[in-house]
Amino acid sequence: VELTSGENEVMLAKANGRSIRFHEHDIRSMGRTARGVRGVRLREKDDKVIGLLVVDENNTVLTLSENGYGKKTAFSEYPVKARGGLGVINMKTTDRNGKVVGMLSVSEDEDLMMVTHTGMIVRSPINGISTIGRNTQGVRLIRLREEDKLVSVARAPHEELEETEEEET
């Protein structure tokens, strides 16, 4: 769920590496019991929607895959399309990087929290991630153990880590 003004653009991301950007006024208002409208067309049986974000041109799109790869891309690289289409390539998904697990709108002064299937949590500054084009696989952001997968990502306020000296007794 995202809060919008009624005049925003939104993006939907799919696990198989495509995303679509459209104006929210393309979605008509409906009653509580309505089934809704199609936001994006799923072409493959194993595909699913993995994320929604509100477009903020001051931020970048951060996309992460299950094998620990990720990349930032400028919102301007995603053309506005009609709601209900297949979308454009957001990240090339291969055996190397796996399916997309998260897409966030991020700024340079935030941190990224990554959580794996086995419970490993890694915090990393966003400004250390490369900004590259849509049609790429990304760079390794987290080194995973064998058989582990990245399952969740979230933004966090940037926090400077303080080094503490151990007191000798």
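None of the values given here were measured: they were computed from a predicted structure.

### Quick look at the sheet that holds strand β11 (residues 150-157)
Neighbouring strands of a sheet are bound in pairs by backbone hydrogen bonds; such pairs are parallel or else antiparallel. Strand order in the open sheet formed by three strands is β9-β8-β11, and the pairing between neighbours is antiparallel. Only two strands of the sheet have a single partner each, and these edge strands are β9 (121-125) and β11. Going from strand to strand, the sheet's axes swing by 25 degrees on average, the running direction of each strand aside.

### What about the layout of surface pockets?
Rolled over the atoms, a probe sized like a water molecule indicates the empty space that remains. Its volume calculated, the largest pocket comes out at about 200 Å³. Forming the walls of the largest pocket are 14 residues, and the residues nearest its centre are E2, L52, L53, L104 and S105. For the lining of the largest pocket, the secondary structure elements donating two or more residues are β3 (49-54) and β7 (100-106). In the lining of the largest pocket, the residues fall into seven nonpolar, four polar and three charged.

### Let's talk about the pattern of salt bridges
This structure, assessed with the given rule, holds eight salt bridges. The salt bridge partner of R21 is E9, with a shortest N-O separation of 2.4 Å. Of the two residues, R21 is situated in strand β2 (residues 18-23) and E9 in strand β1 (residues 9-14); the sequence distance between them amounts to twelve residues. The class for R21 is buried, based on a relative accessible area of 7%.

The rules we used
- Residues numbered from 1 in each chain as written.
- Predicted model: local features only at pLDDT ≥ 70, side-chain atom pairs only at ≥ 80, totals over all residues.
- Heavy atoms only, no water.
- Pairing = 2+ DSSP bridges.
- Helix = DSSP H or I, 4+ residues; strand = E, 2+ residues; numbered from the N terminus.
- Axes fitted to C-alpha atoms, helices over the stretch in contact; angles between N-to-C directions.
- 1 Å grid on protein atoms, 1.4 Å probe; cavity = no way out; pocket = protein on both sides within 12 Å on 5 of 7 lines; lining within 4 Å.
- Points joined across faces, edges and corners; volume = space filled by probe spheres on them.
- Nonpolar A, V, L, I, M, F, W, Y, C, P; charged D, E, K, R; others polar.
- Salt bridge = Lys/Arg side-chain N within 4 Å of Asp/Glu carboxyl O.
- Buried < 20%, exposed > 50% of the residue type's maximum accessible area, 1.4 Å probe, protein only.

Shape is all these values report; function is a separate question.
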